[in-house]
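Listed here are the chains, written in short residue letters.
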Amino acid sequence: MASFSAFNLSTKMVASLEKLGYKEPSPVQTNIIPKALKGESLICQSETGSGKTHSYLIPIFEKVDPNLPRTQSIIICPSRELARQVFDFAKELCKFFPKHKVRLFTSDTQKSDNTDGLSVAPHIVIGTPGRLKDVLIDEYPLDLHNLRSLILDEADMLLDLGYFDSIDAIYGALNNDPQVMVFSATLNESLKEKLRRYISSEFLYESEVNMTAKGVKHHYVDIKHVGINEALMNFLKIKQPYLAIVFASKKETVNQVYAYLKQQKVSCIAFTGDLEQRERRKSIRLIKENRYQVVVASDLLSRGIDIEDVSDVISLDLPSDIDYYYHRAGRTGRFGKEGDSWIFYNSDTAEKAKQLLDSGIEFDFLTLKRDGLVSDPVGLLPKKKFSKKKAFGEEEAKEIKIVKANTRTNKVKPAYKKKRQWEIEKVKNKYKRKAIQKAIRKKKDEHYAQMAKLKGGE
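Residues numbered from 1 in each chain as written. Predicted model: local features only at pLDDT ≥ 70, side-chain atom pairs only at ≥ 80, totals over all residues. Heavy atoms only, no water.

1. Remarks on the overall build of the protein chain
Along its length, the protein chain carries 16 helices and 15 strands. Out of the 458 residues in the protein chain, the part that is buried amounts to 47%. Of the contacts formed within the protein chain by residues at least 6 apart in sequence, a portion of 74% connects residues at least 24 apart. Total accessible area computed for the protein chain in this model is approximately 24,000 Å², and 48% of it derives from carbon and sulfur atoms. (Helix = DSSP H or I, 4+ residues; strand = E, 2+ residues; numbered from the N terminus. Buried < 20%, exposed > 50% of the residue type's maximum accessible area, 1.4 Å probe, protein only. Contact = heavy atoms within 4.5 Å. Areas by Shrake-Rupley, 256 points an atom, 1.4 Å probe, with all protein chains shown as cover.)

2. Notes on the packing of helix H10 (residues 228-239) against helix H11 (residues 251-263)
Packed helix pairs are specified by the crossing angle of their axes together with the interaxial distance, meaning the distance between the axes. Interaxial distance between H10 and H11 falls to 10 Å at its minimum, and their mutual angle equals 50°. Taken together, the axis directions place H10 and H11 in an arrangement best described as oblique. Between H10 and H11 lies a crossing whose hand is right-handed. Counted together, Ile228, Asn229, Glu230, Leu232, Met233 and Leu236 of H10 and Gln256, Val257, Tyr260 and Leu261 of H11 form the full contact between these two elements. The residue makeup of the contact of H10 with H11, split by class, is seven nonpolar, two polar and one charged. (Axes fitted to C-alpha atoms, helices over the stretch in contact; angles between N-to-C directions. Parallel < 35°, antiparallel > 145°, perpendicular 65-115°, else oblique. Left-handed = near helix turned anticlockwise from the far one by under 90°. Nonpolar A, V, L, I, M, F, W, Y, C, P; charged D, E, K, R; others polar.)

3. Overview of the pairing of strand S10 (residues 268-271)
Burial of S10 is two-sided: the residues Cys268 and Ala270 facing one way and the residues Ile269 and Phe271 facing the other way are all buried. Here S10 pairs with strand S11 (residues 294-297) via four bridges, running parallel. Looking across to S11, one finds that Ala270 is bridged to Val296. Once the chain exits S10 it traverses helix H12 (residues 277-288) before rejoining the sheet at S11, and the crossover so formed is right-handed. (Pairing = 2+ DSSP bridges. Right-handed = clockwise from strand over helix to strand, strands pointing away.)

4. Regarding the sheet that holds strand S9 (residues 244-247)
Ordered by their spatial adjacency, eight strands build an open sheet running S10-S11-S9-S12-S13-S8-S14-S15, and the pairing between neighbours is mixed. Looking at which strands have only one partner, the edges of the open sheet turn out to be S10 and strand S15 (372-375). Going across the sheet, the axis of each strand differs from the next one's by a mean of 25°, ignoring polarity. Packed on one face of the sheet, H10 meets S9, S11, strand S12 (312-315), strand S13 (339-345), strand S14 (363-369) and S15 and runs near 105° to S14.

5. Points about the environment of Ile199
Tracing the backbone through its elements, the reader meets Ile199 in the loop between helix H9 (189-195) and strand S7 (205-206). Look at Ile199 and you get buried, because its relative accessible area is 6%. When residues no more than four places from it in sequence are discounted, the contact partners of Ile199 are Ser41, Leu42, Ile43 and Val180.

6. Overview of the pattern of salt bridges
Counted by the stated rule, this structure contains twelve salt bridges. Residue Arg197 pairs with Asp168 through a salt bridge whose shortest N-O separation is 3.3 Å. Of this pair, Arg197 sits in the loop between H9 and S7 while Asp168 sits in helix H8 (residues 164-172); the two residues are 29 residues apart in sequence, bridging distant segments of the chain. Taking relative accessible area as the criterion, Arg197 reaches 48% and is therefore assigned partly exposed. On the accessibility criterion, Asp168 (22% relative accessible area) is partly exposed. A salt bridge links Lys251 to Asp274, with the nearest nitrogen and oxygen atoms 3.1 Å apart. (Salt bridge = Lys/Arg side-chain N within 4 Å of Asp/Glu carboxyl O.)

7. Things to note about the side chain of Asn229
Relative to the elements of secondary structure, Asn229 occurs in helix H10. In this view, Asn229 contacts Gln256, Val257 and Tyr260; residues no more than four positions away in its chain are not counted.

8. A look at the environment of Arg331
As for its placement among the helices and strands, Arg331 is situated in the loop between helix H13 (323-329) and S13. Take Arg331: its relative accessible area is 2%, and that puts it in the buried class. Distance from Arg331 to Ala244, taken between C-alpha atoms, is 9.6 Å for residues 87 residues apart in sequence. A polar side-chain atom of Arg331 sits 3.1 Å from the main-chain carbonyl oxygen of His327. (Polar contact = N/O pair within 3.5 Å; in protein donor to acceptor, adjacent residues only side chain to side chain.)

See below:
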């Protein structure tokens, strides 16, 4: 098993990591840290919860020159919560490297507060793109000459939120070509095109097969046409999760579900972008302290926030950008732990749910009953009942005729009509099972064909 001591790290850094509880590097850290220590620019695509943050924080801290009063590294994050989380990790390391000065710049404080004390430049700057542009360039220019490293964290989210104009401005203010490290859970062509401005095409590309951690199991749950509130409440009673995050795409749905759960005396908290920044920080702290059993949230909470011990993720719907499902599911199964991701659907939403079947992720299919979850052999295929007017197949019609002939009698016997109907239903159920098995085989064949196609394209 690899250890941090195997890297070209100082004895002080290895000892510090051990005291903080980091004894063995994750696979992504094993691949990235040696490259980062050499000053190589790189792009790392890896699943959420894989340890990307320390992949760049450890080399940055190791390479800071505390005697050089100049900003040496800039870390750009897409949200205040993510920036503060990275800052908190950095402050942990500062306990062992007290001469390393780290500053956080986000919009949750006044600009004047952000610029206080900048007569002495921080060695490491962490923040959101807009505020970093204000502080580093517009309001209080710091000396960015000879910047050593620039880090774009959660780069796909930076692109989705339209932050690359601010990043361009920051990058354009540099007079050198620093080491650029890009970290992202997903990496599409649009993002690659943007990144070519900062990093050459010859980069390290670390890709994980799974878009969520290997310890996450994925489930489709058919809630039939039961309302979302009732279905969720029934599910929570059945599963009794240790800590569940319930995601909905619309803030209105989050607020409505939260109000219902509160009315039902469920220990829960809501988290959306409507909260004031002070409330958001307090909510994150309470969630991380495991004060609640259920967190009802918008997709704001789906990206990069480390919350330990999330046992279950429940998607009441699927996001418009299907990639956000992977970010939702990535809130559980982090750092080698196991977890479950559940997607609620019914016949009205089955078409959208099918989009995920092409991703290569394995799902099982369940139906939510009042007293439990039962296996659903049909899954997302249409569930049609056999009507009385159904046109029977030739074999089925033949067997039904035989049953009728065998149960025909010249004498009226007690309950003979019921007995005949029972025999006919046996035949119908037999062919119903055959139809279901045929549909399942077809679904499996399509799935394996898709997997073979994906594998052939690698």
